[in-house]
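The residues making up each chain are set out below.
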Amino acid sequence: MRTQTSARPVVRSGGERWLLVRYLQVALLARLACEGARVALVVLAVDRTGSAGFGGALVAALLVPGVVAAPLAGALADRVRRRRLFHAGCLVLHGAGLVAVAGTAGRAPTGLVLAVAGAAGCCTPLLTGGLTSLLGDLVASTARGRAFSLDAVSYNLAGIAGPALASALAATADAGLALAALGAAAVVGGVLVLALPLRPRPGGRALRAADLGAAAALLLRDRPLRSLTWASAVGQFGIGALPVVCVLLAGRYATPWAAGGLMTAMALGSLAGSLVYAWRPWGVRRPERTVAVMLLATGVPLAAVAAVPGVALALGCFALAGCCTGPLFAALLAGRDRYAPEAARTQVFTLGASLKSTFAAGGAALAGACQTAGPVRLALAVAGCQALAAALGAVLLGGPVSRLRAVLPGGPTSRFRTAVLGRPASRSRTAPFSGPASRSRDG
């Protein structure tokens, strides 16, 4: 009988750097398409139909299915044997969908266009968290902290460059061409996935109904995963409200450009923080603690925004807050990779990302409904949300003694891992991090 081997490739350090470069090329192309499409869809709808409402419907059709499909997409990615073909196919399908919308919006029935956008949106979880989950198979454990920091940089760059690229192409050429170009970028990213050395899984089993709840159960029962997931989600609830806060602050300072300028300052600060963390990562053995500390640190400059008298100081506060969110996001990605079992790793990434998106949308909606409270109170509420998230992370990480029994051999989590994930609880993915400071998962 053949012994099953790990799907993790054995690559020398020099080759590993090239693998990381190839991966980052894929990630940047895919995420440029994700971020830029939101702007290009609205501009395209207004150009061809004169309706911003149709543009909003297109954006919703692209984003909402991704949130709903995240558990299924992650579960399929964890079960499929030939992962390169699966991930490449998802990127190509997403890009082709954007190109199809670019050609049919305003020219074909509205329902058909929305359906095409929705089909492309179902692939979104594989362009974000799904791609990130592959890093564990491409990079050695000793370099994973830096790798996840650079992956966070790809998110930051895409968040800044994607909307700018879409706006520039739409202004100089055509909105349809802008969306088609973004779709082509996703297709190219899908082709480049085929160059990543992701070995086929040695076996595999059919997807079962219980598999769809595997990640959800882990995010509720596994202490480190539970801590970093729900703490970051609550923190994102506050971050989602920041666009509304920035618009109100722009009115307070009588500086119209500050509505977008403050968010840009935060994005640039996040990029700088991710780069610094990639150069000198810290807290890699306990990323859940780094997440909690950075959440608290993010809230401090945001609270100071309520007291600063001018837009220049506000820009500095937003940039400092961004510098904290860069390491926070990198540590979050590293924590998901470290604590998620192999059989549910991609699903943990996709479900965690969809939870953050959902909380951010909720924060934006609540801030819009409460905008009469004014920018000062809302800024303090956002800062308080970060402090609350940090406290929640600490509570969920500690937990009462009764919860400790749930992860001991024979407890509910142990039985869950054996029944659903197909291995005992004692075999965690923390093994590659073993060392003097790397104790058990609940140590």
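About the cut-offs
- Residues numbered from 1 in each chain as written.
- Predicted model: local features only at pLDDT ≥ 70, side-chain atom pairs only at ≥ 80, totals over all residues.
- Heavy atoms only, no water.
- Core = buried A, V, L, I, M, F, W, Y, C linked by side-chain atoms within 4.5 Å.
- Buried < 20%, exposed > 50% of the residue type's maximum accessible area, 1.4 Å probe, protein only.
- Helix = DSSP H or I, 4+ residues; strand = E, 2+ residues; numbered from the N terminus.
- Contact = heavy atoms within 4.5 Å.
- Salt bridge = Lys/Arg side-chain N within 4 Å of Asp/Glu carboxyl O.
- Patch = residues over 30% accessible without salt bridge, like charges linked within 9 Å, V, L, I, M, F, W, Y side chains within 5 Å.
- Areas by Shrake-Rupley, 256 points an atom, 1.4 Å probe, with all protein chains shown as cover.

Colleague: Any details on the nonpolar core? Residues and values, ideally.
Modeller: Residues Tyr23, Leu135, Val291, Leu295 and Val348 are the most contacted members of the largest nonpolar core, which totals 57 residues. The dominant element in this core, judged by the number of residues it contributes, is helix α15 (residues 311-339), at nine residues. Aside from chain neighbours lying at most four places away, what touches Val348 is Ala215, Leu218, Leu219, Leu225, Arg336 and Ala340. Counting 26 residues, the second-largest nonpolar core is a separate cluster that includes Val244, Ala265, Val308 and Val382.

Colleague: Tell me about the pattern of salt bridges, and name the residues and values.
Modeller: Considering all chains together, one arrives at seven salt bridges under this definition. Note that Arg83 and Asp137 form a salt bridge whose closest N and O atoms lie 2.4 Å from each other. Placement of the pair is Arg83 in helix α3 (residues 83-104) and Asp137 in helix α7 (residues 135-138), with a sequence separation of 54 residues. For the pair Arg83 and Asp137, one class covers both residues: buried. Counted as one network, the salt bridges with shared partners bring together Arg83, Asp137, Asp337, Glu342 and Arg345.

Colleague: So what's going on with a nonpolar patch on the surface? Residues and values would help.
Modeller: A cluster of nonpolar side chains, namely Val64, Val67 and Val68, defines an oily patch on the protein surface of about 250 Å² accessible area. Structurally, Val64 is set in helix α2 (residues 52-79).

Colleague: So what about unusual backbone geometry? Which residues, and what values?
Modeller: A positive phi angle, near 55°, is found at Ala254, a position not held by glycine. Assignment of secondary structure puts Ala254 in the loop between α12 (242-253) and α13 (258-279). Classification of Ala254 by relative accessible area gives exposed; the value is 65%.

The values reported here are purely geometric and, on their own, carry no functional implication.
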